[in-house]
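Notes for the structure review
Now for the letters of each chain:
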Amino acid sequence: MKALLIRDIRLAMRAGGGFGLALGFFLIVAVLVPFAVGPHGDLLSAIGPGVLWVGAMLACLLSLDRIFQLDFEDGSLALLATSPIPAEAMVMAKATAHWLTTGLPLVALSPVLAVFFNAAPGAYLWLPVSLLIGTPALSMIGAFGAALTVGLKRGGLLLSLLVLPLYVPTLIFGAELARRGAEGAAVQTPLLLLTGISLASFAALPFAAGLVLRVNLR
Amino acid sequence: MSLWEYANPKKFMDLSGRLMPWLSWLTAGFVAVGLIWGFFFTPDDYRQGSTVKIIYLHVPSALMAINTWLMMLVASLIWLVRRHNVSALAARAAAPVGVAMTLIALATGAIWGKPMWGTYWAWDPRLTSFLILFLFYLGYMALWAAIEDRDTAADLTSVLCIVGSVFAVLSRYAVNFWNQGLHQGTSVPVATGNRSVDDVFFIPLVIAMVGFGLLFVTLLLLRTRTEIRLERLKALERRERLA
Amino acid sequence: MITVRNLCVGRGGVALLRSVEFTADSGQMLVLRGPNGVGKTTLLRSLAGLQPAWEGEIAVDPEDIVYAGHQDGIKAQLSVSENLRFWAEVFGFGPIDAALERFGLMALADRPGGALSAGQKRRLGLARLAVSGRRIWLLDEPTVSLDSDSTARFGDIIRAHLKDGGVVIAATHIDLGIEGSVLDLGRWRVTGEDQSGDPFLTEGAF
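None of these values were measured; they are calculated from a predicted model. (Residues numbered from 1 in each chain as written. Chains lettered and ligands numbered in written order. Predicted model: local features only at pLDDT ≥ 70, side-chain atom pairs only at ≥ 80, totals over all residues. Heavy atoms only, no water.)

Within chain A, the regular secondary structure consists of nine helices and zero strands. In summary, chain A has a C-alpha radius of gyration of 18 Å against a globular reference of 17 Å for 218 residues, a match within 12%. Expressed along its principal axes, the backbone C-alpha trace of chain A runs to roughly 55 × 35 × 30 Å. Long-range contacts, defined as pairs at least 24 residues apart, comprise 80% of the intrachain contacts of chain A with a sequence gap of at least 6. Split by element, the accessible area of chain A, about 8,100 Å² in all, is 72% carbon and sulfur. With 12 positive and 9 negative side-chain charges, chain A shows a spacing of 8 Å between the two charge centroids. (Helix = DSSP H or I, 4+ residues; strand = E, 2+ residues; numbered from the N terminus. Rg over C-alpha atoms; globule rule 2.2 N^0.38 Å. Contact = heavy atoms within 4.5 Å. Areas by Shrake-Rupley, 256 points an atom, 1.4 Å probe, with all protein chains shown as cover. Lys, Arg positive; Asp, Glu negative; His and termini not counted. Charge placed at Lys NZ, Arg CZ, Asp CG, Glu CD.)

Following this line, the structure appears as structure tokens:
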């Protein structure tokens, strides 16, 4: 499992691995939105946490099909399925690798982008914290969606359609946590719920995704 | 002779074939009585005027939109546990009915919302939940459509249905938390017994709800029969090709 | 080491082989023969546990099996040794140098997977068998795109594996020069009328 995790991270970092893709997309969203809504400081600081959460979510969505698709196409996935690694552990390793190469850089970049949105002081702490807690859930839910669509030729659009409603609770609690944190309001409820979603996703979804992967490989 | 016998396509076709005419007439009767009574023989509400009458479409369709998903969830579990082919096909057959009910509920809600709240759409928890439910139906149907092999498609959509159900409940809770909402409380509380609707409106509403329930069962049987015939056709074609 | 009883396998809703029976013991090689589409790949995938059997039984310890299909699962961005080391770690088995040496990959160790020729890729794919440490090799057309030298070398490797008490079940039309029993799958083939099993083909129109 560790070997798979390391291999996936290494593949993502090498040329053509798409490491910078999500970061670039996140940056583009954050730069373009102020152009579209106008340079009003109050408005930007009000919508900032929400826009950055949507940006992070879309950036994550963009790279989901890489989780299993490439390994499926070159046959690695079938070989891994016959190896000692159980499918559930494989999902866990790949979702973790996806988070480390996609979610974590977004977390690191988010306070910088918050500057563009005239963010309140609280946002510099709570936006990255909310992303840090919430993006693992995005990676794991995405891995489930990617496992569902792995056998399909052009599964990208379908993957987005399937994952979109599954992302709603994470997005709601994540953006709410960032917003409340920015405004200095009580953060405990969304904080606990968001943590709960992330933990529960990692605890339960590998089983669903593993089952689905085995179905897709047969 | 157990209930599972009807998971055999042939048995299911025989039984459902005998039931269909009766069910169709019963459905037509209940829907017609419920809607005609509701639309033409109830007084206007003193506050809402005649706009209130859209309730006879809105509430039954909203009810069936949710119950259809529940039925799909049960059918998916049956498929995953006992691998009854009719169960998987029934889940597939139910989805378009469910999406139609969801759309009716959303559309009638929007039409009703304009005179009542002054807006077609508000990001109210109930409306938002139905929008999410609509997306779930779309994803479910798209996944069925995208996969050729029947067993694979049935397995994948079943898992999606179960995972989707968990996330649907979570979303319902999340949107509640996110916005307390404009939508009035339920008009038809089952448990408490005190309802906000007068008998004059309520009796035709119950009839309409029963009618929509029957309509769902009728459409489900009809569509499942079609799906079974389609599968049989495919199987026959496959046999021809190989012979 | 592996016993198959009354096995029925199929693909895409079509039964291909029925009542398959065979046994392979330590040190034995089975060669699967039969025309294209008879179900060689399907049978191998079923033995590997990738797809469920329709009926029947495969008595084998899954921990013994390693499978090599049409695709080698080689990552273009990783070097040959990185590719192989990954599989060695996955299977939790020793060093890779011996395997690189035996498959004639030592000189290519630092070359990226993407720069290999088809035959070199195949050799790397087969080297995975050696680092898996598993006893039963399931091979689907293993010699495709190998030149005659490499084919002979692979024959030697199989012979050594059999001598160590391994089992090889291979679908191949090439003679590797190894004593092995030939399984002609043709006799288990399911023909047109016989492929009931589909619940939607029950008698009586509906």
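Don't stop here, the text continues.
A word on the packing of aromatic side chains. Residues and elements named next belong to chain B. On inspection of all chains with the given rule, the structure shows nine aromatic pairs over all chains. Ring centres 5.6 Å apart and planes at 85 degrees place the aromatic pair Trp121 and Trp123 in the edge-to-face group. With a relative accessible area of 47%, Trp123 lands in the partly exposed category. A network of ring pairs unites the aromatic residues Trp69, Phe136, Tyr137 and Tyr140 as a single cluster. (Phe/Tyr/Trp six-rings, centres within 6.5 Å; stacked < 30°, edge-to-face > 60°. Buried < 20%, exposed > 50% of the residue type's maximum accessible area, 1.4 Å probe, protein only.)

Accessible area lost when the parts come together is the quantity often used to give the size of an interface. The partner chain C presents 24 residues to the 26 residues of chain A that form the contact. Carbon and sulfur atoms supply 62% of the area buried between chain A and chain C, which totals about 2,100 Å² over both sides. Sorting the residues of chain A by area buried against chain C places Leu79, Thr82 and Arg218 of chain A first, and these three jointly supply 30% of that buried surface. There are four salt bridges connecting chain A and chain C. Where Asp74 of chain A meets Lys75 of chain C, a salt bridge forms, and the shortest distance between an N and an O atom there is 2.8 Å. For the pair chain A and chain C, the interface holds nine residue pairs in polar contact (both at pLDDT 80 or more). Those elements that provide at least two residues to the side of chain A that touches chain C are helix H1 (2-13), helix H4 (69-73), helix H5 (76-81) and helix H9 (188-217) of chain A. Of the residues that constitute the side of chain A that touches chain C, the class distribution is 13 nonpolar, five polar and eight charged. (Buried area = accessible area lost by both parts, 1.4 Å probe. Salt bridge = Lys/Arg side-chain N within 4 Å of Asp/Glu carboxyl O. Polar contact = N/O pair within 3.5 Å; in protein donor to acceptor, adjacent residues only side chain to side chain. Nonpolar A, V, L, I, M, F, W, Y, C, P; charged D, E, K, R; others polar.)

This brings us to the environment of Ile104 of chain B. All names here are of chain B. Tracing the backbone through its elements, the reader meets Ile104 in helix H3 (residues 85-117). You can call Ile104 partly exposed: its relative accessible area is 33%. Residues Ile104 and Ala146, spaced 42 residues apart in sequence, show a C-alpha to C-alpha distance of 26 Å. Residue contacts for Ile104: discarding those within four places in its chain leaves Ser61 and Gly109.

Now for empty space enclosed by the protein. Residues and elements named next belong to chain C. For the structure shown, the criterion picks out four cavities of 30 Å³ or more. Considered as a void within the structure, the largest cavity measures approximately 50 Å³ in volume. Forming the walls of the largest cavity are Asp72, Gly73, Ile74, Asn83, Leu84, Trp87, Leu124, Gly125 and Arg128. Secondary structure elements with two or more residues in the lining of the largest cavity: helix H2 (80-90) and helix H4 (118-132). (1 Å grid on protein atoms, 1.4 Å probe; cavity = no way out; pocket = protein on both sides within 12 Å on 5 of 7 lines; lining within 4 Å. Points joined across faces, edges and corners; volume = space filled by probe spheres on them.)

Below, the discussion takes up a nonpolar patch on the surface. All names here are of chain A. Taken together, the side chains of Leu27, Ile28, Val31, Leu32, Phe35, Val115, Phe116 and Tyr124 make up a nonpolar region of the molecular surface, amounting to roughly 760 Å² of accessible area. Elements represented by at least two residues in the nonpolar patch include exactly helix H2 (19-37) and helix H6 (87-116). Tallying contributions element by element places H2 first for the nonpolar patch, with five residues. With respect to the secondary-structure elements, Leu32 resides in helix H2. (Patch = residues over 30% accessible without salt bridge, like charges linked within 9 Å, V, L, I, M, F, W, Y side chains within 5 Å.)

This part is about the sheet that holds strand E4 (residues 55-59) of chain C. All names here are of chain C. Taking strand neighbours across the sheet as the criterion, the three strands line up as E2-E1-E4 in an open arrangement whose pairing is antiparallel. The open sheet has two free edges, formed respectively by strand E2 (14-24) and E4, since each of these has just one partner strand. On average, adjacent strands in this sheet sit at an angle of 30 degrees to one another, irrespective of strand direction. Relative to E4, strand E1 (residues 2-11) runs antiparallel, the two sharing four bridges. Pairing of Cys8 across the sheet is with Glu55, part of E4. Packing against the sheet, helix H1 (residues 40-47) makes contact with E1, E2 and E4, and its axis sits at approximately 125 degrees to E1. (Pairing = 2+ DSSP bridges. Axes fitted to C-alpha atoms, helices over the stretch in contact; angles between N-to-C directions.)

Helices that pack against each other are described as a pair by the angle of their axes relative to one another and the distance between those axes. Residue and element names in this part refer to chain A. In the contact formed by H6 and helix H7 (residues 121-148), the axes pass within 8 Å of each other and the chain directions differ by 155 degrees. By the criterion of interaxial angle, the relationship of H6 to H7 is roughly antiparallel. The hand of the H6/H7 crossing is right-handed. The residue inventory of the contact of H6 with H7, partitioned by class, reads 18 nonpolar, five polar and no charged. (Parallel < 35°, antiparallel > 145°, perpendicular 65-115°, else oblique. Left-handed = near helix turned anticlockwise from the far one by under 90°.)

Each partner contributes to the interface: chain B provides 27 residues, whereas chain A provides 28 residues. Taken over both partners, the interface formed by chain B and chain A buries close to 2,200 Å², and the fraction arising from carbon and sulfur atoms is 86%. Of all residues in chain B, the largest losses of buried area upon contact with chain A belong to Leu156, Phe167 and Phe177 of chain B, amounting jointly to 27% of the total for that side. Taken together, chain B and chain A are joined by one salt bridge.

Attention shifts here to unusual backbone geometry. What you tend to see is this: most non-glycine residues have negative phi, and most peptide bonds are trans. All names here are of chain C. A positive phi angle, near 50 degrees, is found at Asn6, a position not held by glycine. Looking at the secondary structure, you find Asn6 in strand E1. Judged by relative accessible area, Asn6 falls into the partly exposed class, the value being 38%. With a phi close to 45 degrees, Glu141 is a non-glycine residue in the positive phi region. In this fold, Glu141 is placed in the loop between strand E6 (136-140) and helix H5 (148-163). When its relative accessible area of 17% is taken as the criterion, Glu141 is described as buried.

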